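Summary of the model geometry
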Amino acid sequence: MSEWVEYRRMPDRPVEVMRAHFERHVYHPHAHETYSFGLTDFGAQSFDCRGAARVSSAGMVMAFNPDEPHDGHSATEAGFTYRIVHIGTELITDLLSDRAGRPAGLPLFAEPVLHDPLLAGALGRLYASLTSHATELARDEALSATVAALVQRGARTPRERTVIGGGNGAIARRVRDVLDERYLDTLSMDDLVTSTGASRFALYRAFRANYGLAPSDYQRILRLRAARRLIAAGRPVAEAAVAAGFADQAHLTRWFRRCYGITPGVYSRAG
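Now for a look at the structure at hand. (Residues numbered from 1 in each chain as written. Predicted model: local features only at pLDDT ≥ 70, side-chain atom pairs only at ≥ 80, totals over all residues. Heavy atoms only, no water.)

1. A word on the pattern of salt bridges
Rules: Put simply, a salt bridge is a Lys or Arg side-chain nitrogen that is within 4 Å of an Asp or Glu carboxyl oxygen. Burial status follows relative accessibility: with a 1.4 Å probe on protein chains alone, a residue under 20% of its type maximum counts as buried, one over 50% as exposed, and anything between as partly exposed.
Enumeration over the complete set of coordinates arrives at 19 salt bridges. Between Glu 23 and Arg 24 there is a salt bridge, and its shortest N-O distance comes to 3.7 Å. The exposure class of Arg 24 is exposed, given its relative accessible area of 61%. A salt bridge links Asp 185 to Arg 182, with the nearest nitrogen and oxygen atoms 2.9 Å apart.

If you want it as structure tokens, here you go:
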């Protein structure tokens, strides 16, 4: 079976869906702005998340929190097939608040792999509603029901963005602030040293310990997210690549596929 990808963006809500079969593709460590819920249909996918090796085989559900680093590759020679739904945090909050009748915080999914046939069924129905000719009402109902089921059966505690305590946490936060503000700049380690007052080794170690990524990987993710926003807004891929800090379209395409499994062209047409 050859590798293939189907990708779609919902035009009226912060939801994206993908179905793919990979055999040789290897995901580079990355993180999404959204919650991401995957369902393995065939084979098995191996990935590192939260400092441990994980495996999702057929019938299992994957649940990634926003900004949660992970990679991925096939655990079998035959590859793996999976479906995944990316849902924006604002939509999750709206759905949970509406269900509770009061403001609700963001949930934290404690385990990235869940063996739960009921959740697998709910996620499968949600994916089907989003990729079929279902009515808007049916899609909204499926979103609400599936998110509620995922939170009730998979979430453990309210989500809080924290860093590991002590001086290392403060250093990591300062590095992240610099990268968030200057992700388009050509930054060096010396720039981060100047901004944080920490040594190269200390700031690198602190950032990896707290966020699970090297500073360079995090900066690249910020640039990829900028490129996605520009492409979704209708900018040509070549223009979006340069505006987001990449050398050219080929440079963006290479990293886009490593991190998202698709090319910028596929992402552009998916809308």
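Having put the structure on the table, let's press on.
2. Side note on the nonpolar core
Spelled out, the test is: Residue types Ala, Val, Leu, Ile, Met, Phe, Trp, Tyr and Cys, when buried and joined through side-chain atoms within 4.5 Å, form a set referred to as a nonpolar core. Helix and strand definitions follow DSSP, with helices as H or I runs of at least four residues and strands as E runs of at least two, each counted in order from the N terminus. Here, two residues are considered to be in contact whenever any of their heavy atoms come within 4.5 Å of each other.
With 45 residues, the main nonpolar core has Met 18, Tyr 82, Leu 179, Leu 224 and Leu 252 as its most contacted residues. Residue contributions to this core peak at six residues, all from helix H7 (residues 215-232). When sequence neighbours within four positions are dropped, the list of residues in contact with Leu 224 reads Phe 246, Leu 252, Trp 255, Phe 256, Cys 259 and Tyr 260. In this structure, Tyr 35, Val 61, Val 147 and Ala 149 belong to the second largest nonpolar core, which totals 28 residues.

3. What to know about unusual backbone geometry
In the Ramachandran plot, Arg 50 falls in the positive-phi region, its phi being about 60 degrees despite a non-glycine side chain. For Arg 50, the location among the structural elements is in the loop between strand S4 (35-49) and strand S5 (52-57). Unlike most non-glycine residues, Asp 67 shows phi in positive territory, near 60 degrees. Along the chain, Asp 67 falls in the loop between strand S6 (61-64) and strand S7 (70-74).

4. Focus on the environment of Ala 53
Within the element layout of this structure, Ala 53 appears in strand S5. Put simply, Ala 53 and His 251 are 198 residues apart on the chain and 29 Å apart in space, counted from C-alpha to C-alpha. If we ignore the near neighbours within four places in the chain, the residues touching Ala 53 are Phe 47 and Asp 48.

Distances and angles like these do not, on their own, reveal function.
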